[in-house]
Amino acid sequence: MAKIETPRPVRGTQDMLGGTPDAFAERFAHVVATFDRVRKLYGFQRVEVPVFESTAVFARSLGESTDVVSKEMYTFEDRGGDSITLRPEFTAGISRAYITEGWQQYAPLKVATHGPLFRYERPQKGRFRQFHQLDAEIIGAAEPGADVELLVFADQLLKELGINDGVTLTLNTLGDAQSREAWRAALIAHFEAHRGDLSEDSVERLGKNPLRILDSKDPRDRPVADSAPDIDAYLTDEARGFFEKVTSGLDAAGVAWERNARLVRGLDYYRHTAFEFVTDRLGAQGTVLGGGRYDGLIENLGGPATPAVGWAAGIERLAMLVDAPEGEIIISVVPDNAEVDEEAQRIASRLRASNIAVDVAFKGNAKKRVELAKKRKHTAILIVRSTSGDREKLYLQHIDEGKDKAEVHKLVYGALGLDSGLSGGDLR
RNA sequence: GCGAUCGUAGCUCAGUUGGUUAGAGCGCCGGUUUGUGGUACCGGAGGUCGGGGGUUCAAGACCCCUCGAUCGCCCCA
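Scoring rules and cut-offs
Residues numbered from 1 in each chain as written. Chains lettered and ligands numbered in written order. Predicted model: local features only at pLDDT ≥ 70, side-chain atom pairs only at ≥ 80, totals over all residues. Heavy atoms only, no water. Helix = DSSP H or I, 4+ residues; strand = E, 2+ residues; numbered from the N terminus. Rg over C-alpha atoms; globule rule 2.2 N^0.38 Å. Buried < 20%, exposed > 50% of the residue type's maximum accessible area, 1.4 Å probe, protein only. Contact = heavy atoms within 4.5 Å. Salt bridge = Lys/Arg side-chain N within 4 Å of Asp/Glu carboxyl O. Phe/Tyr/Trp six-rings, centres within 6.5 Å; stacked < 30°, edge-to-face > 60°. Lys NZ or Arg CZ within 6 Å of the ring centre and 35° of its normal. Near = heavy atom within 4 Å. Polar contact = N/O pair within 3.5 Å; in protein donor to acceptor, adjacent residues only side chain to side chain. UniProt positions renumbered as here; feature names shortened; annotations may be inferred. Pairing = 2+ DSSP bridges. Core = buried A, V, L, I, M, F, W, Y, C linked by side-chain atoms within 4.5 Å. pLDDT = per-residue confidence, 0-100.

## Regarding the overall build of chain A
Turning to step 1, where the next piece is worked out: Looking only at helices and strands, chain A has 14 helices and 15 strands in total.
Turning to step 2, where the next piece is worked out: Since a compact globule built from 428 residues should have a radius of gyration of about 22 Å, the 28 Å found for chain A marks it as more spread out than a globular shape.
Turning to step 3, where the next piece is worked out: Judged by the C-alpha coordinates and their principal axes, chain A covers about 95 × 65 × 45 Å.
Turning to step 4, where the next piece is worked out: Counting all 428 residues of chain A, 48% fall into the buried class.
Turning to step 5, where the next piece is worked out: In chain A, the share of contacts with a sequence separation of at least 24, taken over all contacts with a separation of at least 6, comes to 69%.

## Concerning the pattern of salt bridges
Turning to step 1, where the next piece is worked out: Evaluation of the coordinates by the stated rule reveals 23 salt bridges.
Turning to step 2, where the next piece is worked out: Of the charged contacts in the structure, one is a salt bridge between Asp 36 and Arg 39, with a shortest N-O distance of 2.6 Å. You can see Asp 36 and its partner Arg 39 sitting in helix α1 (residues 24–41), three residues apart, about one turn around the helix.
Turning to step 3, where the next piece is worked out: Given a relative accessible area of 25%, Asp 36 falls into the partly exposed group.
Turning to step 4, where the next piece is worked out: Overall, the relative accessible area of 9% leaves Arg 39 in the buried class.
Turning to step 5, where the next piece is worked out: Residue Asp 400 is joined to Lys 403 by a salt bridge in which the shortest nitrogen-to-oxygen separation is 3.4 Å.

## Points about the environment of Lys 368
Turning to step 1, where the next piece is worked out: Of note, Lys 368 is situated in helix α13 (residues 366–375).
Turning to step 2, where the next piece is worked out: Sequence separation between Lys 368 and Val 334 is 34 residues; the distance between their C-alpha atoms is 9.7 Å.

## So, the packing of aromatic side chains
Turning to step 1, where the next piece is worked out: For the coordinates displayed, the defined rule picks out six aromatic pairs.
Turning to step 2, where the next piece is worked out: On the basis of an interplanar angle of 50° and a centroid distance of 5.1 Å, the ring pair of Phe 44 and Phe 153 is categorised as tilted. Separated by 109 residues along the polypeptide, Phe 44 in the loop between α1 and β1 (45–46) and Phe 153 in helix α5 (residues 144–160) bring together distant segments of the chain. Of the two residues, Phe 44 and Phe 153, neither departs from the other in class, the shared state being buried.
Turning to step 3, where the next piece is worked out: Site record: aromatic cluster; members linked through ring pairs are Phe 35, Tyr 42, Phe 44, Phe 153 and Trp 311.
Turning to step 4, where the next piece is worked out: Its end group placed over the ring of Tyr 120, Arg 129 keeps NZ or CZ at 3.8 Å from the ring centre.

## Here's the deal with the protein's contact with RNA strand B
Turning to step 1, where the next piece is worked out: By nearness alone, 42 residues border RNA strand B, and Arg 119, Arg 127, Arg 212, Thr 287 and Arg 385 come closest of all.
Turning to step 2, where the next piece is worked out: For RNA strand B, the backbone makes up 56% of the atoms found within 4 Å of the protein, where backbone means sugar plus phosphate.
Turning to step 3, where the next piece is worked out: Interatomic distance of 3.4 Å between a side-chain N/O atom of Asp 67 and a sugar or linking oxygen of RNA strand B.
Turning to step 4, where the next piece is worked out: Here a base nitrogen of RNA strand B sits 3.2 Å away from a polar atom, N or O, in the side chain of Arg 122.

## Some thoughts on unusual backbone geometry
Turning to step 1, where the next piece is worked out: Residue Pro 108 is reached from Ala 107 by a cis peptide bond, and omega for that bond is -5°.
Turning to step 2, where the next piece is worked out: Looking at where Pro 108 falls in the secondary structure, it is placed in the loop between α4 (91–100) and β5 (109–118).
Turning to step 3, where the next piece is worked out: One non-glycine residue with positive phi stands out, namely His 272, at about 55°.
Turning to step 4, where the next piece is worked out: For Asn 355, which is not glycine, the phi torsion reads 65° and is therefore positive.
Turning to step 5, where the next piece is worked out: Mapped onto the fold, Asn 355 is located in the loop between α12 (341–353) and β13 (357–359).
Turning to step 6, where the next piece is worked out: Among the residues examined, Asn 355 registers a relative accessible area of 75% and is labelled exposed.

## Side note on the UniProt feature "binding site: L-histidine" (unreviewed entry) in chain A
Turning to step 1, where the next piece is worked out: UniProt annotation of "binding site: L-histidine" (unreviewed entry) refers to Glu 89, Phe 90, Thr 91, Arg 119, Gln 133, Glu 137, Arg 265, Tyr 269 and Tyr 270 when read in the numbering used here.
Turning to step 2, where the next piece is worked out: The contacts of Arg 119, once residues within four sequence positions are left out, are Val 68, Glu 72, Tyr 74, Pro 88, Glu 89, Phe 128, Arg 129 and Phe 131.
Turning to step 3, where the next piece is worked out: Tracing the backbone through its elements, the reader meets Tyr 269 in the loop between β8 (258–259) and β9 (271–279).
Turning to step 4, where the next piece is worked out: A relative accessible area of 5% places Tyr 269 in the buried class.
Turning to step 5, where the next piece is worked out: Residues contacting Tyr 269, with those up to four places away along its chain left out, are Ser 61, Leu 62, Glu 89, Thr 91, Arg 293, Tyr 294, Asp 295 and Leu 297.

## Some details on the pairing of strand β3 (residues 74–77)
Turning to step 1, where the next piece is worked out: In this sheet, strand β4 (residues 83–86) lies alongside β3 in antiparallel orientation, the contact comprising four bridges. By the bridge assignment for β4, Phe 76 is matched with Ile 84.
Turning to step 2, where the next piece is worked out: In this structure, the hairpin formed by β3 and β4 is closed by a connection of five residues, where Gly 81 is found at a positive phi of approximately 85°.

## Digging into the nonpolar core
Turning to step 1, where the next piece is worked out: Formed by 45 residues in total, the largest nonpolar core has its most connected members in Trp 183 and Phe 191.
Turning to step 2, where the next piece is worked out: Only α2 (55–62), α3 (67–71), α4, β5, β6 (130–139), α6 (177–193) and α10 (297–300) provide two or more residues apiece to this core.
Turning to step 3, where the next piece is worked out: Among all residues touching Trp 183, those that are not within four sequence positions of it are Leu 174, Leu 211, Leu 214, Pro 229, Asp 230, Ile 231, Tyr 234 and Val 264.

## Section: the confidence of the model for chain A
Turning to step 1, where the next piece is worked out: Overall, the prediction assigns chain A a mean pLDDT of 88, with 95% of residues at 70 or greater.
Turning to step 2, where the next piece is worked out: Counted against residues more than four places away or in other chains, residues 423–428, with its pLDDT under 50, gives 16 contacts.

## Digging into α4
Turning to step 1, where the next piece is worked out: Within α4, eight of the ten residues are buried, which leaves the element mostly enclosed by the surrounding structure.
Turning to step 2, where the next piece is worked out: For α4, the full list of buried residues reads Thr 91, Ala 92, Gly 93, Ile 94, Ser 95, Arg 96, Ala 97 and Tyr 98.
Turning to step 3, where the next piece is worked out: Turning to α4, the residues buried within the fold contact β2 (52–54), α2, β5, β6 and α10.
Turning to step 4, where the next piece is worked out: Where α4 terminates, the next one or two residues include Gly 102, which has phi positive at roughly 70°.

This is the structure in structure tokens:
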């Protein structure tokens, strides 16, 4: 008989199994839960947007010439003949929803979401084809205060995740449209003048996306890139004033930041503030959270002129940096022998009804079950015994030294309406 | 799309300059021992060495192709 071919996971996708505190799935969940908690502190509403959109939503938002649009999108034709794309980012879809759902009436609108995104890229450390992001946007606010609030939010999130130590906020301004155009022209002139000294990649960039030469990693490009003009000389007074308000706002909020005049971002829609929280602990993928202002985007999609700022953070990247979250309290209920199976089941139900997590093994003698509970790192084992003799009916064995023994004891016996292990009699 | 490294039991890996019937630990299944209890002992199942082709008397080891993984380039969270 021919051996059937086992299905394989699709390249760049991941399966995550939880169960132990250091499991990746648990870290992942911890990042999401922390985001959801902190986002409420800043008054960001949860939004849900579709995982796929009309291809035009992304093509027009991100810019036709960007790598994401030109070679990384999962685009297909559906049965009705429409061109559909799996979302490669959140901002475009949220902007579309803002227009089509009439959300202008709520402006300025603060929204947050998280979920899977798709990009056809070669997987490597901290990069996947299906990956996940946290996302926060403020739509309809032209004030630098919105940029500041978003950055303070991001900063607090990283602090609460305990990873702010190895991560620094790098900040730049790309100016308004007028500043950006003037600067861009100056950069092109500069790079054209040194065309011969640039790497092949950068000569390519010169035609497509000259700003990107600035943050090139190729050592051959560094001298030319480093000697290129900063945007500062080209900033209009408004643009300069805007950036100053952002930085002074950050200082007032106690958020540490660094100016990186070489920071540009890949997508066409960014204006004014551009920022990245970067780390050196993730190999080549240093950016853990990034974003900026995208004042022209919604208008580009056919909506009203609407200023907006936002950021996105890679959940996998954050999850790789966080310490293993503290495990939940979970009690293993073990019947001492088959006679007390039902009694154990009754007790387990009572505990669960009191919101205490309980695990009951399906088979095995008491010893096997105890071994299993210890291996699974449960908090404590509650052994249920028959009441013959003078032994206590219940015996709570504490395993997890990280949890307060007296507290767990009180929790369990409290839920059962007892002071301690009961001698004799049944629980009713 | 390009480059480097790597694919041996469910998992982590040994496997000497090619040389009998491919090993270990953990896990799994069964048993012994113990008996308020993770740490002992015995036994068992499980691999066409990623797949295909080639060199050779002989390939898990060498060569080619292919698929996949990891890391890097590009780009991005």
